[in-house]
Amino acid sequence: MKDNAVLEMKGIDKVFPGVRALQNVDFTLCEGEIHALMGENGAGKSTLIKVLTGVYVKDGGQIFLKGHEGEVHIKSPQDAQNLGISTVYQEITLCPNLSVAENMFIGRSKSATLNWSQMNKATSEILQSLDIPATATMQLSNCSIAVQQMIAIARAVDMECKVLILDEPTSSLDDNEVAKLFKLMRDLKAKGVGIIFVTHFLDQVYEVCDKITVLRDGQLVGEYEIENLPRLELVSKMLGKEMDDLSEIKESSGETQAVKDEIPVVEVNGLYSNTGIKPFDFYINKGEVNGFTGLLGSGRSECVRAIFGADRVLGGTVKVNGKEVKIKAPIDAMKNGIGYLPEDRKVDGIIGDLSVRENILLAAQVLKGFLKPYKRSEQYKLAQEYISMLSIKTASEDTPIKSLSGGNQQKVILARWLLTHPEYLILDEPTRGIDIGTKVDIQKLVLKLAGEGMSVTFISSETDEMLRTCSRLIVMRDLNKVGELSGDDLNQTKIMSTIAGGDK
Amino acid sequence: MERIKQRFVISNIFRNQLFIPIAALLIIFIFNLIADPGFFKITLGYNNAGNPLLNGYLITILDYGSELAILAIGMTLVTAASGGQDISVGAAIAIAGSVILRVLCGSDSRSEELQAPIIVAFLIACVVAALFGAFNGVLVAVFKIQPMVATLILYTAGRSIAAWINNNELPIVNDVRFTYFGGLIPGIPIPVPFFIAAICVAIIFMVLKFTTLGLYTQAVGINERAAKLNGLNPVAIKILTFVILGLCVAVCGLIKTSRLSTINYSVIAKDIEMDAILAVALGGNALGGGKFNMWASILGAYVIQALTTTLYKFNVKSNALPAYKAVVVIILVVASAPIVREKAQEIVKKLRAGRVEKEVA
Amino acid sequence: MKKRVLAVLMAAAMVVGLTACGGGTASTDSGSASSGGSGLIKVGIINNDPNESGYRTANDKDLKATFTEANGYEASFAYSLKNDEQIAAAQKFIQDGVDYLLLSAADTSGWDSVLKDAQDAGIKVILFDRTIDASEDLYVASIVSDMAQEGQTAVDWLASQNLPEYNIIHIQGVMGSAAQQGRTGALDAKVAAESNWNIVTQQTAEWNAETAQQIVQSQIDAGASFNVIYAENDDMAKGAVAALDAANISHGVGKDVIVMGFDCNKWALQELLDGNWNYDGQCNPFQSSYIDEIIKKLEAGQTISEKVVIMTEKGFDATTITEDDVNNYGI
């Protein structure tokens, strides 16, 4: 073990039926360092973390901890905690209806009785020392998500952890809160705590981390000092290919200009639903890629949901290829050749317990009809076709979709809609929460589909993704359509000013 | 390589849903084999009417397990789609049975002749039971009432409704043809309820094969919102599952009333809902809805009947019977819990690993 | 909003469900409102729901047939299976100023205060079918069945058959019910006393014909030898007989197995008449003539000698039963 190392993992192996999730992975964490663990979804990050925290038991390799002679054996989360390894997850795992102090001490007291005043006092001290804006007696649910996260970290730190794992802690925080969290992390670092930081946000890695370990396909790519690894190189290491792909897309975006003066594939007039969006007009031409943009809650998802009939439509007309159609429920939209990949993959997209095959086939099957199930052989053929077409990483067609990584789940949902051969495909945040490689794949696919004549509406919170793919953007503000940008207007500044609404 | 394959086979056995009901059935059989091999004896005899029939515990299990197996079909679908159970099936069987007798006997509860063909009575019972099923389904699907609570209404009122249908009379059917459905057809020595159950099982497997019912109910049960966005109508599908359960109930009503040619509203099919739910659970199906395995549920039903028959066989003291059943049920259900199965898999894996090491050494 | 709609709907469904079947609530319906105070004796009758069982239906019919205007009564009826609803009905009858309160209580306890009110108002209380846990001063008479006696009558009859050996399949009712305890007690005592009386199996079928059928089927499958079926009600006897029929075991008068039932359902007595069963014990639901007699005595100023009246209950033997018995005593 290196002198200043607090944790050393050597040659870690982990096998799941049909998949080698980790293969001979080394990882070293030093005292007072913030160490980013990077990789695409499915690269083995979470498996490595779970091995370290005792959720999984490793199949091979050794783990050493500072202060412990020889190998340590971590067989349960309790073991990990006792050894000073603490984890703070993306989802808060504290009890929202208890006070801050109770949350700090819950499950730690050895004696049955608690000294309340002592507990509150100790909590106040910790909160103060870490500069966390909360009081000991506050109910946890009254704190913001960021503060809750900090309390979770404080709890971990107070339990004398030497290794702190932060698994996607920033995904639900705003910039201001992220800054506070980073300050806390730097404070802890100064106190000698080793921090493992798992995130998708490259900016944050470069802002706060000292070292980066990159995993790919369950194998170690390498460990790098942050200053020696420029962004583009990091991305290319994560993806395992030289990174010209992003620039490639930029060039091709010019070709997707729609032909004017034709009957739109879908045309919407004065449509609104029970979600509160104001009546809006919209059209999309054959082979066009356009998008809705706006801040979170501006109504961009609600607009496309209204077109698809996912919410209760209260008024307005929808024309498909010039003919007026009634869309009361998703099935009506599907019958008119519209597909919709929903914003929230977990809640609205995947059927968790069903297999990849069934998830791919679902929408097409519904369209085909209740009395005409696909033959079994046909099901496998189609599933295989789309799994290889979208290079979905899955052990088999019969693997439950919930055991796939986020990006692969998203590809399955995408496959589901492609299988229905829609004329018009709505993709609501298809790239959210998934790894860069898949993001690029999806953007490329969108352009390819458009090239083949499909019309696509593409929504993303990352404006540059939209700029790369869309030829026209509908801008939303406060549930209102406030503008439409195309051609030379398609740039960051123009979008920002339209969203902000200052230029009129 | 061969070894890895072997290991997968072993762990697959544990993961297979049919494992638990089959294992439970084997345990019951082995227990009986040790205690008294006479359990497996089947003899050919004749009944009072001079018709041949097979006798023996196994035949008894096949006979009396029929209603449960039929109910398990519908209960599995309801559970899958709505994530809850229908506790009114016993009361609904009373209603269906009452309707059948009402139609057969007309207004005279002691009529010597059938007032209508049996098939007509059965079809009317199907319609009535399906309507009550739809009523439950609407409460669950449209009004989003938890299924157990929604079906509590019919559970409470059903037997009174059944009594009301026949003006509280207890009609007795005097036609020998009516006894066939719960007894024997002259010349065929196997109880008819078994054939009826077999037909129902065959029908449901045809339905599952030639329609997308299975996919739809599972999709709705696992993720209703996502199912809706895939063009499904969760409300219609849930109601459909309750209607199918209603049809199963009508078939059970026919068998039950036929067994004795009469009905007792307050005790007919009493507590059968619990056994039906248990059959689903025993089949390893999640009672919270979602994925299901129809074979496992049906097998689960016969396991429960095997257990009941075994307990009767050993003359378990009357008031202790439910306690014995409860203990066995606890063991079976705990054994079928995913967490226990995972542990079992782990242990097998370790044993294998140990052996591999030894071989290597 | 949605919740309220739902609540209303559920309530409506309950009401429809319950009223459709004749009322689980303590609905009081006045027998004859026209008479006023024209010398008729006013009685308020509180009974269990007539849909409860065949016994109760017969009981209710019998009461309705006796307490008519022609017989000099003005009767009001209230039905409920719930004690509190019955008590509320009693309070209403007290307010209405009935002369007699006839009561078959759902529960044994909780009646003290309302019966005291009745006493204070000068209303005489007569219990029928069921006793209550209250001071004897609070009622003038109680007309009940003696379940132990019913069991004894049946066991005595069985003993009189003089079989060389008794191998009995004993099928019990719901454990703990008065009928089960009385009917089981007599048999248990006899089996303990006699060396040639054996219990092959003793299991509860909870009044359920089909469970009884399974219990007997199980004995047949096991090859057990038995010559008596002692079923604590007619339904269970019927279930047992179904199992015998399937196994080609003869039963009834002069056959291999003696079949005994209780309750004297009309169809069961018919089985006796046809010689398929051997014995059926009565559980007399016809208390009205006893009550009528007591009221007549009280009205005539006589005193009641016995506060607790135990009804005579017959046991029918298949060899002696007549068509008239079937019609008169069948319920």
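Remember, predicted model here, so these are calculated numbers, not experimental data. (Residues numbered from 1 in each chain as written. Chains lettered and ligands numbered in written order. Predicted model: local features only at pLDDT ≥ 70, side-chain atom pairs only at ≥ 80, totals over all residues.)

Visitor: Explain the overall build of chain C to me, please; I cannot follow it from the model alone.
Guide: In terms of regular secondary structure, chain C is built from 11 helices and 13 strands. Within the span of chain C, comprising 331 residues, buried residues form 48% of the whole. Relative to all contacts within chain C whose residues are 6 or more apart in sequence, the contacts with residues 24 or more apart total 74%. (Helix = DSSP H or I, 4+ residues; strand = E, 2+ residues; numbered from the N terminus. Buried ≥ 20, exposed ≤ 12 C-beta atoms within 10 Å, placed from the backbone. Contact = placed C-beta atoms within 7 Å.)

Visitor: Which parts of the structure should I look at to understand the overall build of chain B?
Guide: Within chain B, the regular secondary structure consists of 15 helices and 2 strands. When its C-alpha atoms are laid out on the principal axes, chain B stretches across 85 × 55 × 40 Å. Scored against the burial criterion, the 361 residues of chain B give a buried share of 53%. Contacts spanning at least 24 positions in sequence make up 77% of the contacts within chain B whose residues lie at least 6 apart.

Visitor: Where do I start with the sheet that holds strand β1 (residues 5–16) of chain A in this structure?
Guide: The strands that make up a sheet are held in pairs by hydrogen bonds between backbone atoms, and each pair lies either parallel or antiparallel. All names here are of chain A. With antiparallel pairing, 3 strands are arranged side by side in an open sheet as β2-β1-β4. If you trace the sheet from one side to the other, it starts and ends with β2 (19–30) and β4 (60–65), each paired once. Going across the sheet, the axis of each strand differs from the next one's by a mean of 10 degrees, ignoring polarity. Where β1 meets β2, 8 bridges bridge the pair, whose relative direction is antiparallel. Residue pairing in the sheet places phenylalanine 16 in a bridge with valine 19 of β2. (Pairing = 2+ DSSP bridges. Axes fitted to C-alpha atoms, helices over the stretch in contact; angles between N-to-C directions.)

Visitor: So what exactly am I meant to see when it comes to the confidence of the model for chain C here?
Guide: When pLDDT drops low, the exact placement of atoms in the prediction is not to be read closely. Residues and elements named next belong to chain C. In the predicted model, chain C carries a mean pLDDT of 85, and 88% of its residues have values of at least 70. Averaged pLDDT values over the elements of chain C bottom out at 46 in strand β1 (residues 27–30) and peak at 96 in strand β9 (residues 228–231). In this model residues 15–36 is a low-confidence stretch, pLDDT under 50, and it forms 47 contacts with partners more than four residues away in sequence or in other chains. With pTM at 0.76, the complex prediction returns an ipTM value of 0.85. (pLDDT = per-residue confidence, 0-100.)

Visitor: How should the environment of lysine 481 of chain A be read in this particular structure?
Guide: Residue and element names in this part refer to chain A. Relative to the helices and strands, lysine 481 resides in strand β19 (residues 480–486). Judged by C-beta crowding, with 21 C-beta atoms within 10 Å, lysine 481 ranks as buried. Placed 200 residues apart in sequence, lysine 481 and aspartate 281 show a C-alpha to C-alpha distance of 8.3 Å. Contact partners of lysine 481, with chain neighbours within four places excluded, come to Phe280, Ile474 and Met476.

Visitor: Sorry if this is basic, but what is going on with the domain arrangement of chain C here?
Guide: How big an interface is tends to be stated in terms of accessible area lost as the parts join. Splitting chain C by domain gives domain 1 (21–139) and domain 2 (147–284 + 316–329). For domain 1 of chain C versus domain 2 of chain C, the separation of C-alpha centres amounts to 34 Å. (Domains from an automatic or database assignment.)

Visitor: Where do I start with the interface of chain A and chain B in this structure?
Guide: Contacts between the two partners involve 24 residues from chain A, matched on the other side by 19 residues from chain B. For the side of chain A that touches chain B, the leading source of residues is helix α13 (residues 356–368) of chain A, giving 6 residues. When its residues are assigned to classes, the side of chain A that touches chain B shows 18 nonpolar, 3 polar and 3 charged. (Nonpolar A, V, L, I, M, F, W, Y, C, P; charged D, E, K, R; others polar.)

Visitor: How do you make sense of the interface of chain C and chain B when you look at a structure like this?
Guide: Contacts between chain C and chain B engage 43 residues on the former and 36 residues on the latter. Those elements giving two or more residues to the side of chain C that touches chain B turn out to be α1 (2–20), α2 (54–66), β8 (197–204), α7 (209–221) and α8 (234–246) of chain C. Here the side of chain C that touches chain B is built from residues that sort into 18 nonpolar, 19 polar and 6 charged.

Visitor: What am I meant to see in the sheet that holds strand β8 (residues 211–216) of chain A here?
Guide: All names here are of chain A. Strand order in this open sheet of 6 strands is β5-β6-β7-β3-β8-β9, and the pairing throughout is mixed. The two strands at the open ends of the sheet, each matched to only one other strand, are β5 (85–88) and β9 (219–225). Taking the axes of each pair of neighbouring strands and ignoring which way they run, one obtains an average angle of 20 degrees across the sheet. Of the strand pairs in this sheet, strand β6 (residues 163–167) and strand β7 (residues 194–198) are connected by 5 bridges, and their pairing is parallel. Counterpart to leucine 166 in the pairing with β7 is phenylalanine 197. Of the strands in this sheet, β3 (34–38), β6 and β7 touch helix α6 (residues 175–190), which is tilted by about 150 degrees from β7.

Visitor: Explain unusual backbone geometry to me, please; I cannot follow it from the model alone.
Guide: A negative phi angle characterises most non-glycine residues, just as the trans form characterises most peptide bonds. Even without glycine at this site, aspartate 217 of chain A takes up a positive phi of about 50 degrees. Within the element layout of this structure, aspartate 217 of chain A appears in the loop between β8 and β9. Here aspartate 129 of chain C, not a glycine, exhibits a phi torsion of approximately 70 degrees, which is positive. Among the structural elements, aspartate 129 of chain C can be located in the loop between β5 (124–128) and β6 (141–144). Looking at aspartate 129 of chain C, the number of C-beta atoms within 10 Å reads 22, which means it is buried.

Visitor: Even after reading the chapter, I still don't get the nonpolar core, so can you show me in this structure?
Guide: In summary, soluble globular proteins display a tendency toward joint burial of nonpolar side chains. Ranked by size, the top nonpolar core spans 234 residues in total, and within it Ile95 and Ala129 of chain B together with Ala240 of chain C carry the most contacts. Considering each element in turn, this core owes the most residues, 16 residues, to helix α11 (residues 234–260) of chain B. Alanine 240 of chain C has contacts with Ile171, Ala212, Gln213, Val216, Ile229, Ala231 and Val259 of chain C, leaving out every residue within four places of it along the chain. By size, the runner-up hydrophobic cluster in this structure holds 68 residues, among which are Leu7, Ala36, Leu37 and Leu83 of chain A. (Core = buried A, V, L, I, M, F, W, Y, C linked by C-beta atoms within 7 Å.)

Visitor: Looking at this structure, I do not really get α13 of chain A. What am I missing?
Guide: All names here are of chain A. Taking 1.5 Å as the rise per residue, α13 with 13 residues should run 18 Å; its terminal C-alpha atoms sit 19 Å apart, in good agreement. The sharpest bend along α13 reaches about 50 degrees and sits at leucine 362. For α13, a buried count of 11 out of 13 residues is recorded, marking the element as mostly surrounded by other parts of the structure. Turning to α13, its buried residues are Val356, Arg357, Glu358, Asn359, Ile360, Leu361, Leu362, Ala363, Ala364, Gln365 and Val366. (Expected span 1.5 Å × (residues − 1). Bend = angle between axes of the 7 residues up to and from the residue.)

Visitor: So what exactly am I meant to see when it comes to the pairing of β3 of chain A here?
Guide: Sheet faces and side chains relate simply in a regular strand, where the side chains alternate between the two faces. Residue and element names in this part refer to chain A. For β3, the tally of buried residues reaches 5 of 5 residues, placing the bulk of the element in the interior. Side chains Ile34, Ala36 and Met38 project from β3 onto one buried face, and the interleaved His35 and Leu37 project onto a second face that is buried too. The pairing of β3 with β7 spans 4 bridges and is classified as parallel. Along β7, the bridge assignment pairs leucine 37 with valine 198. When β3 meets β8, the two strands line up parallel, connected through 4 bridges. Residue pairing for β8: methionine 38 is matched across the bridge by valine 214.

Visitor: Explanation requested: the environment of threonine 431 of chain A in the structure shown.
Guide: Mapped onto the elements of the fold, threonine 431 of chain A is located in the loop between β16 (424–428) and α16 (436–451). You can call threonine 431 of chain A buried: it has 23 C-beta atoms within 10 Å.

Visitor: Got a minute to help me understand the packing of helix α3 (residues 57–82) of chain B against helix α12 (residues 272–282) of chain B in this structure?
Guide: In a pair of packed helices, the angle between the axes and the distance between the axes together describe the arrangement. Residues and elements named next belong to chain B. Where α3 meets α12, the axes come as close as 8 Å, and the angle between the chain directions of the two elements is 65 degrees. Taken together, the axis directions place α3 and α12 in an arrangement best described as roughly perpendicular. Between α3 and α12 the crossing geometry is right-handed. On α12, the residues that touch Glu67, Leu68, Leu71, Ala72, Met75, Thr76 and Thr79 of α3 are Ile272, Asp275, Ala276, Ile277, Ala279 and Val280. Among the residues forming the contact of α3 with α12, the class breakdown is 9 nonpolar, 2 polar and 2 charged. (Parallel < 35°, antiparallel > 145°, perpendicular 65-115°, else oblique. Left-handed = near helix turned anticlockwise from the far one by under 90°.)

Visitor: What exactly am I supposed to notice about helix α13 (residues 294–313) of chain B here?
Guide: Since the α-helix packs 3.6 residues into each turn, any two residues three or four apart lie on the same face. All names here are of chain B. Taking 1.5 Å per residue, 20 residues should reach 28 Å; α13 reaches 29 Å between its end C-alpha atoms and fits that length. Counting buried residues along α13, 18 of its 20 residues qualify, which places the element largely inside the surrounding structure. Of the residues trailing α13, asparagine 315 is marked for its positive phi of about 50 degrees.

Visitor: Looking at this structure, I do not really get the pairing of strand β2 (residues 41–47) of chain C. What am I missing?
Guide: Residue and element names in this part refer to chain C. Most of β2 sits out of view: 5 of its 7 residues are buried. Of the strand pairs in this sheet, β2 and strand β3 (residues 73–79) are connected by 7 bridges, and their pairing is parallel. From the neighbouring strand, asparagine 47 faces β3, where its bridge partner is tyrosine 79. Bridge analysis of β2 against strand β4 (residues 100–103) gives 4 bridges, and the strand direction is parallel. Within β4, the residue paired with glycine 44 across the bridge is leucine 101.

Visitor: What is the right way to read the confidence of the model for chain B from this model?
Guide: Of the residues in chain B, 91% reach a pLDDT of 70 or more, and the chain-wide mean stands at 87. Note on residues 1–8 of chain B: pLDDT is under 50 here. Beyond four places in sequence and across chains, it has 4 contacts.

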